[in-house]
Amino acid sequence: MKKEVVDREEAYKKSIEVLKKCVSPHGFIASALCRGNYCNVWGRDSMICSLAALMTEDKFLIGQVKKSLHTLLRYQYKHGQIPSNVNVRKDKVSYGGTTGRVDATLWFLIGFSQYVKRTGDKKFLRRHYEKYKKAM
C-alpha cells in the first residue's frame, strides 16, 4: 500500500512538471516539446491543461489559465467562435479547416467557467462576460 502512495505522489509531481513545461508568455501551449504547431495556444489543449492547473494550489499555473483565456479571447471570431489555435508570434489564427472546429469553443466555455468558479475572479468575469455569452 505504501508503494502506491509514493507512486501517486511521484505521478502528481511529474504532472506538475509537464504543465510547467507547457507554459508560454501567452498561456499553455500544446506540448512541452515546442515544435511546429505545438508551440501554439490551442483552444482544446490549453483548456485541458487549465483544468489540471485549476486543481492545484499553484498560483503560477493558475495564472497561466488566465493567460490562455486572454489569448483565446483576443482572437475570438466576430460570431463568437474561439480559435482552434493561435500562433501569437506570427499573429496567425486558425478556426479549423473548411468545416471549422467546434471543440475549441466548447473547451473554452468549460475552462472559462471553471476558472471563474475556482478563483472567484469576478473582475475577469465582468470584463469578458459578453464574449463568453457570444461563444455560447
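Residues numbered from 1 in each chain as written. Predicted model: local features only at pLDDT ≥ 70, side-chain atom pairs only at ≥ 80, totals over all residues. Heavy atoms only, no water.

1. Some thoughts on the state of the cysteines
Thought 1: Summed over all chains, the structure comprises one disulfide.
Thought 2: Put simply, C34 and C39 are joined by a disulfide, and their sulfur atoms are 1.8 Å apart. Between C34 and C39, the S-S torsion sits near 135°, and that sign places the bridge as right-handed.
Thought 3: Relative accessible area serves as the criterion here: at 12%, C39 is assigned to the buried category. (Disulfide = S-S within 2.5 Å. Buried < 20%, exposed > 50% of the residue type's maximum accessible area, 1.4 Å probe, protein only.)

2. Quick notes on helix α4 (residues 103-119)
Thought 1: In this model α4 runs 24 Å from its N-terminal to its C-terminal C-alpha over 17 residues, within 8% of the 24 Å that 1.5 Å per residue would give.
Thought 2: All buried positions along α4 are accounted for by A104, T105, F108, L109, G111, F112, Y115 and V116.
Thought 3: Next to the buried residues of α4 lie α2 (43-54), α3 (59-74) and α5 (122-135). (Helix = DSSP H or I, 4+ residues; strand = E, 2+ residues; numbered from the N terminus. Expected span 1.5 Å × (residues − 1). Contact = heavy atoms within 4.5 Å.)

3. What to know about the side chain of T71
Thought 1: Turning to its location among the elements, T71 is positioned in helix α3.
Thought 2: Among the residues examined, T71 registers a relative accessible area of 1% and is labelled buried.
Thought 3: Among residues more than four places away in sequence, those in contact with T71 are H26, V41, V86 and V88.

4. Thoughts on the nonpolar core
Thought 1: One finds F28, V65, L69, F108, F112, Y115 and F124 to be the most contacted residues of the largest nonpolar core, which totals 25 residues.
Thought 2: Per element, the largest residue contribution to this core is six residues, and it comes from α3. (Core = buried A, V, L, I, M, F, W, Y, C linked by side-chain atoms within 4.5 Å.)

Spatial relationships are all this shows, so hold off on functional conclusions.
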